[in-house]
Amino acid sequence: MKMVLSSDNAHKLREFREILSESGIELVSKKECGCTLEVEENGSSFAENAYLKAAAVSRDTGLPAIADDSGLCVDALDGAPGLYSARFTGSHEDSDEARNRYLLQCLAGEENRRGHYVCAICCVMPDGAVLRSEATCSGYIGYEEQGEGGFGYDPLFRPDGYERTMAELTAEEKNAISHRGAALRAFKAEWEKYYDQQ
């Protein structure tokens, strides 16, 4: 079944495809569907933002649409950047490097480096059915960027049980422990239940 990812983020598309590869889902990006819709992420939670994106793209394309909203929540910053992870510096257009530099500035002199990633996934079907999942990955924020893989805050984030950042893990290692990997596996189970009932 063809499904649209409510994003044109190439990193996310690759991760989604890798984890959903055995689900019978042909995942395409918004761009591949000719969808140019930009959805305002003005929800009050990760789950609400994921729903807003999936619902809008499903309406626009007439296809099942899946979206995620994810972010990094840092204990010493009272949960920031949280919902504003992609625009933490004040601009959605800033680079990952700029956001990482800003996060390090915000944590300068701070000993509590604990934090967690959150990923909420929502899939909206053309018949109105809504499938949801959510997961977290806990760890701590390093003092400098390390690693070339991943994206976002991955070069700073060291998951619990690892001496390497997310950006230093292989794709397989990251997918096995990440917030997005866990949320996608939970979604996969929901999808299979839904599909079996059709």
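Our subject is the structure listed above.
The following refers to the structure shown. Within every chain, residues take consecutive numbers counted from 1 along the sequence as written. Restriction of local features to residues with pLDDT of at least 70 applies here, the model being predicted, together with a cutoff of 80 or more for giving and counting side-chain atom pairs; totals for whole chains, interfaces and linings are based on all residues. Calculation of side-chain values draws on the structure's entire complement of heavy atoms; hydrogens and water are dropped beforehand.

## A closer look at the pattern of salt bridges
So, point 1. Basic side-chain nitrogens of Lys or Arg form a salt bridge, by our definition, when they fall within 4 Å of a carboxyl oxygen of Asp or Glu. Scanning all chains against the criterion turns up 13 salt bridges.
So, point 2. With its nearest N and O atoms 2.8 Å apart, the salt bridge here joins Arg114 to Asp160. With Arg114 in strand β4 (residues 114-124) and Asp160 in the loop between β6 (157-159) and α4 (171-177), this residue pair connects regions lying 46 residues apart in the sequence.
So, point 3. Partly exposed residues are those whose accessible area sits between 20% and 50% of the maximum for their type, while under 20% is buried and over 50% is exposed, using a 1.4 Å probe and protein chains only. The partly exposed category is assigned to Arg114, whose relative accessible area is 33%.
So, point 4. A network of salt bridges, in which partner residues are shared, links Lys12, Glu15, Asp68, Asp154, Lys174 and Arg180. What counts as a helix is a DSSP run of H or I of at least four residues, what counts as a strand is a run of E of at least two, and both are numbered from the N terminus.

## What about the pairing of strand β3 (residues 65-74)?
So, point 1. The buried count for β3 comes to 10 of 10 residues, which makes it a mostly enclosed element.
So, point 2. Going residue by residue along β3, you find Ala65, Ala67, Asp69, Gly71 and Cys73 tucked away on one face and Ile66, Asp68, Ser70, Leu72 and Val74 tucked away on the opposite face as well.
So, point 3. With 2 bridges connecting them, strand β1 (residues 2-5) and β3 associate as parallel partners. Bridging from a neighbouring strand, Val4 pairs with Ala65 of β3.
So, point 4. As paired strands, β3 and β4 are joined by 10 bridges and run antiparallel to one another. Counterpart to Ala67 in the pairing with β4 is Cys122. One requirement defines pairing of two strands: DSSP has to find at least two bridges between them.

## Side note on helix α5 (residues 179-196)
So, point 1. A helix is expected to span 1.5 Å multiplied by its residue count minus one. Between its terminal C-alpha atoms α5 stretches 26 Å, which fits the 26 Å expected from 18 residues at 1.5 Å a residue.
So, point 2. Every buried residue of α5 is accounted for by His179, Arg180, Gly181, Ala183, Leu184, Phe187, Lys188, Trp191 and Tyr194. In an axial view of α5, the angular spread of the buried residues amounts to 160 degrees, which keeps them on one side of the axis.
So, point 3. Residues are treated as being in contact if the distance between any of their heavy atoms lies within 4.5 Å. Residues of α5 that are buried make contact with β1, α1 (10-20), β3, β4, β5 (130-141) and α4. Working definition: the arc comes from the directions between the helix axis and the C-beta atoms, pointing outward to the latter.

## Description of the packing of aromatic side chains
So, point 1. A pair of Phe, Tyr and Trp rings is counted when the ring centres sit within 6.5 Å of each other, with Trp represented by its six-membered ring. The angle between the planes then sorts it: under 30 degrees is stacked, over 60 is edge-to-face, the rest tilted. Scanning the model with the defined rule gives 5 aromatic pairs in all.
So, point 2. Three or more aromatic residues joined by ring pairs form one cluster here, namely Phe187, Trp191, Tyr194 and Tyr195.
So, point 3. The criterion for a charge sitting over a ring is simple: Lys NZ or Arg CZ within 6 Å of the ring centre, and within 35 degrees of the ring normal. Across the ring face of Tyr143, the terminal group of Arg113 is positioned such that the distance to the ring centre comes to 3.9 Å.

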